[in-house]
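Residue strings, one per chain:
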Amino acid sequence: MPPKPKITKEMIVHAAFEIAKAEGFEHINARAIAQKLSCSTQPVLYYFSKIEEIKKAAYEESDAYHSWYLTHDIEKCDHPLLEIGLRYIRFAQEQQQLFRFLFQSGKFAGKSLSDLISSKELKPILAMIQQTAQSNREQAKTIFLSLFLFLHGYASMLANNAMEYDETTILSCLKQTYLGTVSASAKNGN
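Sequence order as written defines residue numbering, which begins from 1 separately in each chain. Residues qualify for local features only when their pLDDT is at least 70, as the model is predicted, and side-chain atom pairs are given and counted only at 80 or more; totals for whole chains, interfaces and linings, by contrast, use all residues. No hydrogens and no water enter the side-chain calculation; it runs on all heavy atoms of the structure.

### Quick notes on the packing of helix α5 (residues 80-94) against helix α8 (residues 123-133)
At a minimum axis distance of 9 Å, the contact between α5 and α8 shows a crossing angle of 135 degrees. Between α5 and α8, the interaxial angle falls into the category oblique. Contact residues: Pro-80, Leu-81 and Ile-84 in α5; Ile-125, Met-128, Ile-129 and Thr-132 in α8. Split into classes, the residues belonging to the contact of α5 with α8 amount to six nonpolar, one polar and no charged. Axis geometry follows a simple rule: fit a line to the C-alpha atoms, using only the stretch in contact for helices, then measure angles between N-to-C directions, giving values from 0 to 180 degrees. The helix and strand labels rest on DSSP assignments: H or I over at least four residues marks a helix, E over at least two residues marks a strand, and numbering proceeds from the N terminus. Any angle that falls under 35 degrees is termed roughly parallel, while one over 145 is termed roughly antiparallel, one within 65 to 115 roughly perpendicular, and all others oblique. By definition, residues are in contact when any of their heavy atoms lie within 4.5 Å. Throughout, the ten residues Ala, Val, Leu, Ile, Met, Phe, Trp, Tyr, Cys and Pro are labelled nonpolar, Asp, Glu, Lys and Arg are labelled charged, and all others, Gly among them, are labelled polar.

### Examining the confidence of the model for the chain
A residue's pLDDT is the predictor's confidence in that residue, given on a scale from 0 to 100. Per-residue confidence for the chain gives a mean pLDDT of 90, with 96% of residues at or over 70. Averaged pLDDT values over the elements of the chain bottom out at 82 in helix α7 (residues 113-117) and peak at 97 in helix α1 (residues 9-22).

### Side note on the packing of helix α6 (residues 96-103) against helix α9 (residues 137-161)
At a closest axis distance of 9 Å, the pairing of α6 and α9 adopts a crossing angle of 130 degrees. In terms of axis orientation, α6 runs oblique to α9. Taken as a pair, α6 and α9 cross one another with a handedness that is left-handed. Note on element contacts: α9 touches α6 through His-152, Ala-155, Ser-156, Leu-158, Ala-159 and Asn-160, opposite Gln-96, Phe-99, Arg-100 and Phe-103. Handedness of a helix crossing follows the sense of rotation of the near helix relative to the far helix, less than a right angle counterclockwise being left-handed and clockwise being right-handed.

Shown next as structure tokens:
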């Protein structure tokens, strides 16, 4: 008889990610993970002393998946910045549970928009804005903030209200927001 497959820490984290993706992060627990892996809760509790540790690791896997979703093959797009924005909204529509986990589960509690704009993960996006909008760093931050607030609002409405996804309207609004913000930023010099 072949030996039973060994449960690894990575398998546990991925199972938690899959639970968050399908059912929501609030359903991540040792029993659900064990059921997903067809094992007892013992391996889960062996690697993680607290369920919060598993949720944190699942959050990191979700964040990495979200980053990949937004940026894979982006260099092949005619307008990468608009494509990233469209993908952000599409992600909220297609992956509602993960969107809620990433952006509506309290992970940003105590942080400001300034913290968000200053994060190292945002540097490539700001550089892209500087290049496409022919702006300086401060203007790029202003443009990003306006775009992000529009995108996040739209995405939240899709993720939480089962609103109809209309890519033509979304893209039109996104272009207007982008062009308006770039124009206003250039006129104001910020």
